[in-house]
Amino acid sequence: QALMRQKSEEEHVACLLQVLASYINPGGDVPKDFESENFSSPAEKSLLPDVIYELLSQSCIVPAISSYLRNDSVLDMARHIPLYRALLELLRGIAVTPSLVPLLLPLEKDNGPDTATSVGVLLDKMRVCVDTYASRLRTNKAKNGNGNVAEEEENEGLAMLIPNIQETAKIVKIAAERLQKLTESESSSEEMDKDKAGQAGQASVEEHYMTVMQEEQFGSFEFVLSDSSVVKFTCSHHYENNVKAAGDVSNASRTRRLAQEATTLSTSLPLSGGSSVFVRCDEERLDIMKVMITGPSDTPYENGCFEFDVYFPPDYPTSPPLINLETTGNHTIRFNPNLYNDGKVCLSVLNTWHGRPEEKWNAQTSSFLQVLVSIQSLILVSEPYFNEPGYERSRGTPSGTASSREYDANIRQATVRWAMLEQIRNPTPCFREVIHKHFWLKRHEVLKQCENWIAEMESYSNDKRTGRTIAHSTLALKRHYNQLREEIAKMKPPEGLEDEEEGESIDPQGVHFSTDSALSSAMNSSQLAVIENLITDSNSNSVLEDGFC
């Protein structure tokens, strides 16, 4: 019933958009000389009541249009073809009606966040999105087979929608630029330039990080040699045997779905100063990927780089994607009750955990982006100890708080050792630039973060039940911190960032923690390593092996 109601509402919206488009631009035609610099609007276009612009600008129509245009899922567009056709016809009608063209520019921000970005800019982003999809589909066309009738009809509708989007974006851009030329004076342009320069100078460290890292979020990498008659990987990948066993998979619906997924990833991956997601897919095979997620702020994973290998099985999207954590300290660290030390990722949406039916993978509604966001927000959390079923009831109790601190202490030292230090020393080739830029831009923040962790953990080391274990973790973290500081001090600025933050170099001995405590003075490095493994084992074994997956 809910689906039927949603479909009925969508048909109603499409009808309203179509009626409005017909009222604004009867016939839906675009003047032949519209693109000409000497274009002048036909007289009949001015027959619209003068109040129409005021009514539309104060209504919810522009925020509604903006909301639909923010959709960067080609898969979702394909399921709502009539709605987007009506929307595009309305936009063309507005573009060829001079009195309404201001609707295509940003309205006052007081109207809400959906009007802060112009309709024209959003439409152009949608055009880029569908262009990317079409390009990736052509690249993988050789692997296409035959899909079922419903899928072919959906693909045919999308194939007709893509040129519609491209043409409408072109018309809207011309109309918007024409209006801007008429209204902008030389003085106002200079003022705008000054404002932009002032804003750039005041850009925060977080905004700068996001600007630099956005370019690295999605890209391609040759995981499999394209000129090889047999499948040959260029770097280590967890699912290499699965790929070889599957052979050449020819499935049109799978190829289209992968192209749609890749398009969505190229525009929608989470990006912030706190945590971001980076993806690399094979240049010729969209079913082979690697993912890197930076640990969220205020968690024991903060600023660590966690790598995952991904493979989309032959029956995808009927079955969910396969994903395995590679940052496991050579299979010695269980970073979370949901992340095993063999790399297994436990999530309902991956069908690796018995969640509610609506949480499991659904071929029609689930997506790989949903999987990545779930890992980032549901697994890499501030108190991972309570992710274990049954442990949640101890949250807020003295015992639960102490156990959580003990668990976090070990995760923190493991994050610094394996998700920071090891990543800097031995970066995966496809993420080499990501890792370099991430730690260069956050070098001061990362070191300060580790210093704060050490101070906090030392304050808990007197606890009668967990103090000794936390003290061991603190000692290990100090050792890792000293090494991390040395590695960061040796880093050179990434290409393009050579002139930034001169004079703020890292002194490798600026802050150095002594590890010659009473606990460690009688032990050599190999014995300390054994203690670290014991800490890891005790934390891993505290989580029931069959409890979560």
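Up top is the structure.
Being a predicted model, the structure only gives us computed values, none of them experimental.

A. Representation of the pattern of salt bridges in the model. Applying the stated criterion to the full structure yields 21 salt bridges. Among the ionic pairs, R254 bridges to D287, the shortest N-O distance being 3.0 Å. Taken together, the positions of R254 in helix α11 (residues 252-268) and D287 in the loop between β2 (277-282) and β3 (288-294) put the pair 33 residues apart, joining distant regions of the chain. Among the salt bridges present, the one from E383 reaches R395, with a minimum N-O distance of 2.5 Å. Within this pair, whereas E383 is found in the loop between α12 (368-379) and α13 (398-425), its partner R395 is found in the loop between α12 and α13, the two being separated by twelve residues in sequence.

B. Focus on the nonpolar core. Ranked by internal contacts, the top residues of the largest apolar core, which has 96 residues, are F308, V345 and F368. With eleven residues, the top contributor of residues to this core is helix α7 (residues 149-183). Formed by 42 residues, the second largest nonpolar core is a distinct cluster that contains L271, L421, M491 and F513.

C. The environment of V128, seen in detail. Along the chain, V128 turns up in helix α6 (residues 119-139). It is 9.4 Å that separates the C-alpha atoms of V128 and T263, two residues lying 135 residues apart in sequence.

D. Molecular detail of the sheet that holds β2. Taking strand neighbours across the sheet as the criterion, the five strands line up as β1-β2-β3-β4-β5 in an open arrangement whose pairing is mixed. The strands lining the two open edges of the sheet, one partner per strand, are β1 (218-221) and β5 (322-325). Across the sheet, the axes of successive neighbouring strands diverge by a mean angle of 25°, strand direction being ignored. Note that β2 and β3 share five bridges and pair antiparallel. By the bridge assignment for β3, V277 is matched with I293. Where α13 meets the sheet, it contacts β3 and β4 (305-311), and its direction lies at approximately 80° from that of β4.

Criteria and cut-off values
- Residues numbered from 1 in each chain as written.
- Predicted model: local features only at pLDDT ≥ 70, side-chain atom pairs only at ≥ 80, totals over all residues.
- Heavy atoms only, no water.
- Salt bridge = Lys/Arg side-chain N within 4 Å of Asp/Glu carboxyl O.
- Helix = DSSP H or I, 4+ residues; strand = E, 2+ residues; numbered from the N terminus.
- Core = buried A, V, L, I, M, F, W, Y, C linked by side-chain atoms within 4.5 Å.
- Buried < 20%, exposed > 50% of the residue type's maximum accessible area, 1.4 Å probe, protein only.
- Pairing = 2+ DSSP bridges.
- Axes fitted to C-alpha atoms, helices over the stretch in contact; angles between N-to-C directions.
- Contact = heavy atoms within 4.5 Å.

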